[in-house]
Amino acid sequence: MADPSSYRPKPGQIPDSPGVYKFRDEHRRVIYVGKAKNLRQRVANYFQDLANLHPRTRTMVTTAASVEWTVVSTEVEALQLEYSWIKEFDPRFNVKYRDDKSYPYLAVTLNEEFPRVQVMRGAKKKGVRYFGPYGHAWAIRETVDLMLRVFPVRTCSAGVFKNAARTGRPCLLGYIGKCSAPCVGRVTPEEHRELAEDFCDFMAGRTGTYIRRLEKDMMQAAEEMEYERAARLRDDAEALKRAMEKSAVVLADATDADLIAVAEDELEAALQIFHVRGGRVRGQRGWVTDKVEAVDTSGLVEHALQQLYGEERGDAVPKEVLVPALPEDPEAVSQWLADRRGSQVSLRIPQRGDKKDLMATVQRNAQQALGLHKTKRASDLTTRSRALEEIAEALGLDTAPLRIECYDISHLQGDDVVASMVVFEDGLARKSEYRRFQIKGFEGQDDVRSMHEVIGRRFKRYLQDKERTGEWEEAPEAAPGPASVHASATGPAATDPAAAGQATAGPAAIDQAAGGPVSTGPAATGPASAGPASAGPAATGPVPAPELTAASPDDEPEPREDDGRPKRFAYPPQLVVVDGGQPQVAAARRALDELGIDDIAVCGLAKRLEEVWLPDDDDPVVLPRSSEGLYLLQRVRDEAHRFAITYQRAKRAKRIRSSPLDDVTGLGETRKQALIKHFGSVKKLRQATIDEICEVPGIGRRTAESVVAALATTAPAAPAVNTATGEIIEEDDGGSS
């Protein structure tokens, strides 16, 4: 635990301008990001008597080992830079809303030649029009089923569409009138796109035009005594009305607004959002967060606005945002929202009328969501704390293991042997730091040997990173020079050894995130710096980071610089858990001992009796079945197993789907599919000559020779046999799918 006074910057070093500041821990990891109108006043508040600080703020400043800041010109730039850094560094002590579920959207893929209507979850894609979110996927399907009578847009997958085009027969929806069947040419691409755009207009709230048009056509058909057509148009109009009734009318027709409500207690906060478009509630979603920083309702609202609209542009940001409390600087936030929408955005608290009544409904939803969340065992902060304390007591640890890493080995009868590493911090999964490994040291099935290899590889990289940053070996004495890159634990004027050769002010390397040049806090110019120090407190600019060794193909790239982002293997756990019993635990401990690491605890959780094994102990530790600590260890172990087996299955499936053409150097997926399409199968391609292969567009003679050589060295697969009929199934596709 660091003493905040050890890294407190001198008052004269901190500017009184708007800016963004960040705290780092002893591993140079960013743990908190904040912004301020006046950096000097805001940062100084963190260094008052610890007894006067909020408990969470006190925990943060005692965990930190340094503080840095970046000066910007306006408060809007500070808001943008704060959002960019929170997204980039994922600080532990910042409020982060997490969805209590993955909400489905109704999506129209306007980026395709024949747009498709479908249910989508996850990240939004460019060129796709989204409506929602909805509470349930079945609600989307019910709405779409009603609207396909009037707007028969394609809903099938790419595989079904291609198969229908190949056979010349549409799917069932094409026969019953709920698809215009563009796959067989019943409509042109232009006509189908017009249908999709009309579908989008109706979903966007422009409903009256289409219903009036249907009713007018119905009356005209009745006058012309085309009663069957009139009845069909009547049913179409009724279907659209039923689809509209699924979205309750709550505000005036032209109202486009998002209503945000917050329910909170001392530990957590729940946030609910109603999306109103065209006066109707078109979507609803909810977030929950731990209050890991001292923050009031206005601060929660500001964090919510950043995370809700930080990646949005245009109409995705509504004209009006209604909130229970205004942010600390409402003008700056309103301007930030307006920049994203491209026009004025009203940010206010509803005072009367229908909007205030609807806000009360949203508030009730938030209160219910918070109450429901508090009943969930795995997300209860008190329960998680008790679980970590029980683990520490059972294993004889000095402190609760705030970071736990778990490893599991997966294979299928000795083939495709892989391993997984999952990370839990504060009792919750941190999926961004999950890693997976291929076993490279040997072939065959040996879980103990595999565990030894994986633990050795992971912590060897950890030691390499510590050595690179100067944490492992004793750092050389710093040459006399200007002030440090940051106010560090060795004193505000000390020179950071890890910064040698990097005359940068830390934030300066990414200061362009705010949209313009910014100046930074106290800067360092080490003896290896690329140029002289500037006359002022800011560094002259970023300097390239030191060169790193390349990562293996199975692992993610090595970090480019020591910038505080969550690193690959640079952040050590307090506890290593392995899936297995005494042999696996002994292998993990041996791997750590070989590397000279003795400050990381190791245990194993055996599946059969859920016993906890420790190194060099002949008898296991048996935790009570009702123990929260055992429950947490089981969740960690099961998550490692899930992650490992998912990777193993994907690796095996990729191997099974491999084609002889995969070994041809320079032959990509597009040209591979062109060859299969031209010849019909790998069998026929194997019989083709070099000249015949050269006839395929994009295939040159050298590539054709490589294809012939690759196919000649691989034996044809044995023919498949239909066991019911005895028929030999011809090889018809050798491309990977």
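About the thresholds
Along every chain, residues carry numbers that run from 1 in the direction the sequence is written. In view of the model being predicted, local features appear only for residues whose pLDDT reaches at least 70, and side-chain atom pairs are presented and counted only at 80 or more, with totals across whole chains, interfaces and linings using the full set of residues. To get the side-chain values, all heavy atoms of the structure are used, and hydrogens and water are removed first. Secondary structure follows DSSP: runs of H or I at least 4 residues long count as helices, runs of E at least 2 residues long count as strands, and numbering of each begins at the N terminus. In this scheme, a residue with accessible area under 20% of its type's maximum is buried, one over 50% is exposed, and one in between is partly exposed, where area comes from a 1.4 Å probe on protein chains only. The contact definition used throughout considers only heavy atoms, calling two residues in contact when any of these lie within 4.5 Å. In short, DSSP must find at least two bridges between two strands for them to pair. Axes, fitted as lines to C-alpha atoms, cover a helix only where it is in contact. Angles between the N-to-C directions of the axes lie from 0 to 180 degrees. Basic side-chain nitrogens of Lys or Arg form a salt bridge, by our definition, when they fall within 4 Å of a carboxyl oxygen of Asp or Glu. In this analysis, the expected span of each helix is defined as 1.5 Å times one less than the number of residues it contains. Should an angle lie under 35 degrees it is considered roughly parallel, over 145 roughly antiparallel, and from 65 to 115 roughly perpendicular; all remaining angles are considered oblique. By the convention adopted, Pro, Cys, Tyr, Trp, Phe, Met, Ile, Leu, Val and Ala count as nonpolar, Lys, Arg, Asp and Glu as charged, and the other residues, Gly among them, as polar. Residues forming no salt bridge and having over 30% relative accessible area are the ones grouped into patches, like charges within 9 Å of each other and nonpolar side chains (Val, Leu, Ile, Met, Phe, Trp, Tyr) within 5 Å. Method for areas: the Shrake-Rupley scheme with a 1.4 Å probe, in which residue coverage is limited to the protein chains shown. By nonpolar core we mean a set of buried residues, namely Ala, Val, Leu, Ile, Met, Phe, Trp, Tyr and Cys, connected to one another through side-chain atoms within 4.5 Å. pLDDT is a per-residue confidence score from the predictor, ranging from 0 to 100. Stacked, tilted and edge-to-face are the three classes assigned to paired rings of Phe, Tyr and Trp, where Trp is represented by its six-membered ring and a pair needs centres within 6.5 Å; plane angles under 30 degrees give stacked, over 60 edge-to-face, the rest tilted. Sitting over a ring, as applied to charges here, requires NZ of Lys or CZ of Arg to be within 6 Å of the ring centre and within 35 degrees of the ring normal.

### Remarks on the overall build of the chain
Turning to step 1, where the next piece is worked out: Scanning the chain from terminus to terminus reveals 20 helices and 22 strands.
Turning to step 2, where the next piece is worked out: Put simply, the chain has 737 residues, and 49% of those count as buried.
Turning to step 3, where the next piece is worked out: If you take every contact in the chain between residues at least 6 apart in sequence, the share linking residues at least 24 apart comes to 65%.

### With respect to the sheet that holds strand 6 (residues 117-120)
Turning to step 1, where the next piece is worked out: The three strands are arranged 6-5-7 in an open sheet whose pairing can be described as antiparallel. Of all the strands in the sheet, just strand 6 and strand 7 (129-131) have a single pairing partner and so form its edges. Strand-to-strand twist in this sheet, taken as the mean axis angle between neighbours without regard to direction, amounts to 35 degrees.
Turning to step 2, where the next piece is worked out: Packed on one face of the sheet, helix 7 (residues 189-203) meets strand 5 (105-108), strand 6 and strand 7 and runs near 150 degrees to strand 5.

### Some thoughts on the pattern of salt bridges
Where charged atoms of side chains with opposite charge meet at close range, the side chains can pair.
Turning to step 1, where the next piece is worked out: Going through the model one piece at a time under the given rule, you end up with 26 salt bridges.
Turning to step 2, where the next piece is worked out: The salt bridge partner of D90 is R430, with a shortest N-O separation of 3.0 Å. A residue pair is termed long-range when its members are at least 10 positions apart, and D90 in the loop between helix 3 (75-89) and strand 4 (98-99) and R430 in the loop between strand 15 (428-429) and strand 16 (435-438) qualify at 340 residues.
Turning to step 3, where the next piece is worked out: A salt bridge links E112 to R154, with the shortest nitrogen-to-oxygen separation between them at 3.0 Å. Here E112, found in the loop between strand 5 and strand 6, pairs with R154, found in the loop between helix 4 (137-147) and helix 5 (158-167); they are 42 residues apart in sequence, far enough to count as distant.

### A short note on helix 7
Turning to step 1, where the next piece is worked out: For helix 7, spanning 15 residues, the distance from its first C-alpha to its last is 21 Å, which sits close to the expected 21 Å at 1.5 Å a residue.
Turning to step 2, where the next piece is worked out: Residues H192, L195, A196, D198, F199, C200, F202 and M203 constitute the buried set of helix 7.

### Considerations on the packing of helix 10 (residues 297-309) against helix 11 (residues 330-341)
Turning to step 1, where the next piece is worked out: It is the contact of helix 10 with helix 11, at a shortest axis distance of 12 Å, that shows an interaxial angle of 10 degrees. Put simply, helix 10 runs roughly parallel to helix 11. Note on element contacts: helix 11 touches helix 10 through V333, W336, L337 and R340, opposite E302, L305, Q306 and Y309.
Turning to step 2, where the next piece is worked out: Among the residues making up the contact of helix 10 with helix 11, the classes are represented as five nonpolar, one polar and two charged.

### Things to note about a nonpolar patch on the surface
Turning to step 1, where the next piece is worked out: Side chains of L172, Y175 and I176 sit close together on the surface and give an oily, nonpolar patch of about 370 Å² of accessible area.
Turning to step 2, where the next piece is worked out: Tracing the backbone shows I176 in the loop between helix 6 (172-175) and helix 7.

### Observations regarding the nonpolar core
Turning to step 1, where the next piece is worked out: Of all hydrophobic cores here, the largest spans 26 residues; its most connected members are Y407, V454, I455, F459, V576 and I597.
Turning to step 2, where the next piece is worked out: At the level of secondary structure, the elements contributing two or more residues to this core comprise strand 13 (403-412), strand 14 (415-425), helix 14 (447-469), strand 18 (575-579), helix 15 (582-594) and strand 19 (601-606).
Turning to step 3, where the next piece is worked out: Looking at this core element by element, the count peaks at six residues for helix 14.
Turning to step 4, where the next piece is worked out: Ignoring anything within four residues of it in the chain, the contact list for V454 reads Y407, I409, A419, F437 and I439.
Turning to step 5, where the next piece is worked out: Core analysis: the next-biggest nonpolar cluster, separate from the first, contains 25 residues, I273, V317, V345 and L347 among them.

### With respect to the pairing of strand 9 (residues 268-277)
Turning to step 1, where the next piece is worked out: For strand 9, the buried fraction is high: 10 of the 10 residues fall into the buried class.
Turning to step 2, where the next piece is worked out: Residue alternation in strand 9 divides its side chains into two sets, E268, A270, Q272, F274 and V276 and A269, L271, I273, H275 and R277, and both sets are buried.
Turning to step 3, where the next piece is worked out: Pairing of strand 8 (residues 257-264) with strand 9, which is carried by eight bridges, proceeds in the antiparallel orientation. From the neighbouring strand, I260 faces strand 9, where its bridge partner is I273.
Turning to step 4, where the next piece is worked out: The pairing of strand 9 with strand 10 (residues 280-290) spans 10 bridges and is classified as antiparallel. Counted as the bridge partner of L271 is W287 from strand 10.

### Some points on unusual backbone geometry
As a rule of thumb, non-glycine residues mostly have phi less than zero, and peptide bonds are mostly trans rather than cis.
Turning to step 1, where the next piece is worked out: At A181, a residue that is not glycine, the phi angle is positive and equals roughly 55 degrees.
Turning to step 2, where the next piece is worked out: Along the chain, A181 falls in the loop between helix 6 and helix 7.
Turning to step 3, where the next piece is worked out: For A181, a relative accessible area of 0% corresponds to the buried category.
Turning to step 4, where the next piece is worked out: Its identity is not glycine, yet M225 carries a phi of approximately 60 degrees, on the positive side.
Turning to step 5, where the next piece is worked out: Relative to the assigned elements, M225 resides in the loop between helix 8 (208-223) and helix 9 (227-245).

### Section: the confidence of the model for the chain
Turning to step 1, where the next piece is worked out: Averaged over every residue, the pLDDT of the chain is 75; the share at 70 or more is 76%.
Turning to step 2, where the next piece is worked out: Ranking the helices and strands of the chain by mean pLDDT puts strand 18 first, with 92, and strand 17 (residues 519-520) last, with 39.
Turning to step 3, where the next piece is worked out: Residue range residues 720-724 is modelled with pLDDT below 50. Its contacts to residues more than four positions away, or to other chains, number eight contacts.
Turning to step 4, where the next piece is worked out: In this model residues 728-737 is a low-confidence stretch, pLDDT under 50, and it forms 28 contacts with partners more than four residues away in sequence or in other chains.

### With respect to the pairing of strand 14
Turning to step 1, where the next piece is worked out: Of all 11 residues making up strand 14, 10 are buried, and the element is well covered by its neighbours.
Turning to step 2, where the next piece is worked out: Across nine bridges, strand 13 lies against strand 14 in antiparallel orientation. Counterpart to D408 in the pairing with strand 14 is S420.
Turning to step 3, where the next piece is worked out: Count of turn residues in the strand 13/strand 14 antiparallel hairpin: two residues, of which Q413 carries a positive phi of about 55 degrees.
Turning to step 4, where the next piece is worked out: Relative to strand 16, strand 14 runs antiparallel, the two being bridged by four bridges. Bridge assignment links A419 to a residue of strand 16, and that residue is F437.
Turning to step 5, where the next piece is worked out: Note: strand 14 against strand 15, two bridges, orientation antiparallel. Counterpart to F424 in the pairing with strand 15 is A429.
Turning to step 6, where the next piece is worked out: Count of turn residues in the strand 14/strand 15 antiparallel hairpin: two residues, of which D426 carries a positive phi of about 55 degrees.

### Focus on the environment of R242
Turning to step 1, where the next piece is worked out: For R242, the position within the fold is in helix 9.
Turning to step 2, where the next piece is worked out: For the pair formed by R242 and T143, sequence separation is 99 residues and the distance between their alpha carbons is 8.5 Å.

### Considering the packing of aromatic side chains
Turning to step 1, where the next piece is worked out: Taken as a whole and judged by the stated rule, the model has 15 aromatic pairs.
Turning to step 2, where the next piece is worked out: Between F23 and F47, the aromatic rings sit 6.4 Å apart at their centres with planes inclined by 35 degrees, giving tilted as the arrangement. Taken together, the positions of F23 in strand 1 (residues 19-25) and F47 in the loop between helix 1 (39-45) and helix 2 (55-63) put the pair 24 residues apart, joining distant regions of the chain. The pair formed by F23 and F47 is uniform in burial state, with each residue classed as buried.
Turning to step 3, where the next piece is worked out: Between F114 and F161, the aromatic rings sit 5.3 Å apart at their centres with planes inclined by 40 degrees, giving tilted as the arrangement. Taken together, the residues F114 in the loop between strand 5 and strand 6 and F161 in helix 5 connect sequence positions 47 residues apart. Across this residue pair, the class does not change: F114 and F161 are buried.
Turning to step 4, where the next piece is worked out: Through a chain of ring-to-ring contacts, three or more aromatic side chains come together here, namely Y7, Y21, F23, Y32, Y46 and F47.
Turning to step 5, where the next piece is worked out: One cation-aromatic arrangement involves R154 over F161; the distance from NZ or CZ to the ring centre is 4.8 Å.
Turning to step 6, where the next piece is worked out: One cation-aromatic arrangement involves R458 over F459; the distance from NZ or CZ to the ring centre is 4.5 Å.

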